[in-house]
Amino acid sequence: MLTSQRKSLILDILRRDGQVIAKQIAKDLSLSEDTIRRDLREMAAEGLLKRVHGGAMPVAPELPDFSTRKGVSSETKARLGKKAASLARPGQLIFLDGGTTTAEIARQLPRDFAFAVATHSPTIAAELEHHPTASVILIGGKLYKHSMVAVGSVAMAAISQLRPDIFFLGVTAAHPVHGLSTGDFEEAAIKRHIASCAAETYVPLTEEKFDHVSPCQVLPISGVSGLIVAAGVAAAAIEPYRNLTAEILEA
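Just so you know, these numbers come straight off a predicted model, no measurement behind them.

What characterises a pair of aromatic rings is the spacing of the ring centres plus the angle enclosed by the ring planes. All chains considered together, the criterion is met by three aromatic pairs. Taking the centre distance of 5.7 Å and the plane angle of 90 degrees together, the rings of Phe95 and Phe167 count as edge-to-face. Residue Phe95 is found in strand E4 (residues 93-96), and its partner Phe167 is found in strand E9 (residues 166-168); the two are separated by 72 residues along the sequence. This pair shows no difference in class: Phe95 is buried, exactly as Phe167 is. Arranged with centres 5.9 Å apart and planes meeting at 65 degrees, the rings of Phe113 and Phe115 form a pair that is edge-to-face.

Printed below as a string of structure tokens:
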């Protein structure tokens, strides 16, 4: 088997199983562990996977700070925001997570009927300053500056008093095996808590977040109502997620 074929197979296994065990692959392919470990080292250097003891895991996405992400606007995020906003209904309580894609949702929420928006992000609340029909509930607490959201016990207690109809959850990574994840333990806990209070949870996802794993899991894919993805994402990239009970909405 050619090196390129082995590496392609390793990536297929990584996507399917969420991990690669060098010893097992070596046995299955009748190769030495040294050969597989060399492949893994080279693939790690190319940014294709993350080396761990005994094998490899999917790569974790980079986590630029909020100011950096805010400066990166894209037509894709606008489409995701528009699709998500179209799910809003009159009289609902909508919970918006922090994040630049969620900010697009805030900008495109309907203006022809009344509803309420709860958020633990001051930047999201500011997006709604001039919205004519949305009342805003701002959750306070310890500010996690990287994502500009409130975390901690104070935020948890306030969120516990709410029962949102829909929660738009922001994450940094999605994987069919490892689920939806983010980079901070406390932030992951807040996201998970909001989802537990909400009737439905939807996750807008840009393509670069697929098949990655951040350090802190929020929920399994089956733990949310649906994923909102851009139309045109390769069918092969989406297919593993279609069998995990979450609805796939294309924007």
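The next point concerns the environment of Lys83. Looking at the element boundaries, Lys83 is found in helix H5 (residues 75-85). The exposure class of Lys83 is partly exposed, given its relative accessible area of 30%. Placed 147 residues apart in sequence, Lys83 and Ala230 show a C-alpha to C-alpha distance of 9.4 Å. Setting aside residues up to four positions removed in sequence, Lys83 forms contacts with Ile228, Leu249, Glu250 and Ala251.

Here the idea is simple: oppositely charged side chains can pair when their charged atoms come close. Tallied over the entire structure, the rule returns 13 salt bridges. A salt bridge links Lys191 to Asp97; the nearest nitrogen and oxygen atoms lie 2.6 Å apart. Placement of Lys191 in helix H9 (residues 185-197) and of Asp97 in the loop between E4 and helix H6 (100-108) is noted, with a sequence separation of 94 residues between them. Just as Lys191 is buried, Asp97 falls in that class too. With its nearest N and O atoms 3.6 Å apart, the salt bridge here joins Lys191 to Glu187. Here Lys191 and its partner Glu187 are both found in helix H9, four residues apart, which amounts to about one turn of the helix. You'll find Lys191 and Glu187 in the same group, each marked buried. Put simply, Lys7, Glu42 and Glu46 are held in one network by salt bridges that share partners.

Turning our eyes to something else, we now look at the sheet that holds strand E2 (residues 50-52). Strand order in the open sheet formed by three strands is E1-E3-E2, and the pairing between neighbours is antiparallel. A strand with exactly one partner marks an edge of an open sheet, and here the two such strands are strand E1 (20-21) and E2. Bridging between E2 and strand E3 (residues 55-57) involves three bridges; their strand directions are antiparallel. Across the sheet, residue Arg51 finds its bridge partner in E3, namely Ala56.

Relative to the helices and strands, Gln108 is located in helix H6. Owing to a relative accessible area of 29%, Gln108 belongs among the partly exposed residues under this scheme. With 30 residues separating them in the primary sequence, Gln108 and Ala78 have C-alpha atoms 8.5 Å apart. Those residues in contact with Gln108, other than ones at most four positions away along the chain, are Ala78, Gly81, Lys82 and Ala85. Reaching out from Gln108, the side chain makes a polar contact with the backbone oxygen of Ala78 at a distance of 2.8 Å.

Now for the nonpolar core. Counting 39 residues, the largest nonpolar core has Phe95, Leu169, Leu180, Val203, Val224 and Leu227 as the members making the most contacts within it. It is H9 that provides the largest number of residues to this core, a total of five residues. Residues within four places of Leu180 in sequence aside, it is in contact with Leu169, Val171, Ala173, Ala174, Val203, Cys216, Gln217, Val218, Leu219, Pro220, Ile221 and Val224. If you look at the next biggest cluster of nonpolar residues, it comprises 21 residues, including Ile94, Leu96, Tyr202 and Leu249.

For helix H10 (residues 235-242), the full list of buried residues reads Ala237, Ile238 and Tyr241. End-on, the buried residues of H10 take up no more than an arc of 85 degrees, which puts them together on one face. Summarising the geometry of H10, the exposed residues directed more than 90 degrees from the buried face are Ala235 and Ala236. Contacts from the buried residues of H10 go to helix H1 (3-17), strand E10 (173-175), strand E14 (226-229) and strand E15 (247-250).

Scoring rules and cut-offs
Residues numbered from 1 in each chain as written. Predicted model: local features only at pLDDT ≥ 70, side-chain atom pairs only at ≥ 80, totals over all residues. Heavy atoms only, no water. Phe/Tyr/Trp six-rings, centres within 6.5 Å; stacked < 30°, edge-to-face > 60°. Helix = DSSP H or I, 4+ residues; strand = E, 2+ residues; numbered from the N terminus. Buried < 20%, exposed > 50% of the residue type's maximum accessible area, 1.4 Å probe, protein only. Contact = heavy atoms within 4.5 Å. Salt bridge = Lys/Arg side-chain N within 4 Å of Asp/Glu carboxyl O. Pairing = 2+ DSSP bridges. Polar contact = N/O pair within 3.5 Å; in protein donor to acceptor, adjacent residues only side chain to side chain. Core = buried A, V, L, I, M, F, W, Y, C linked by side-chain atoms within 4.5 Å. Arc of directions from axis to C-beta.

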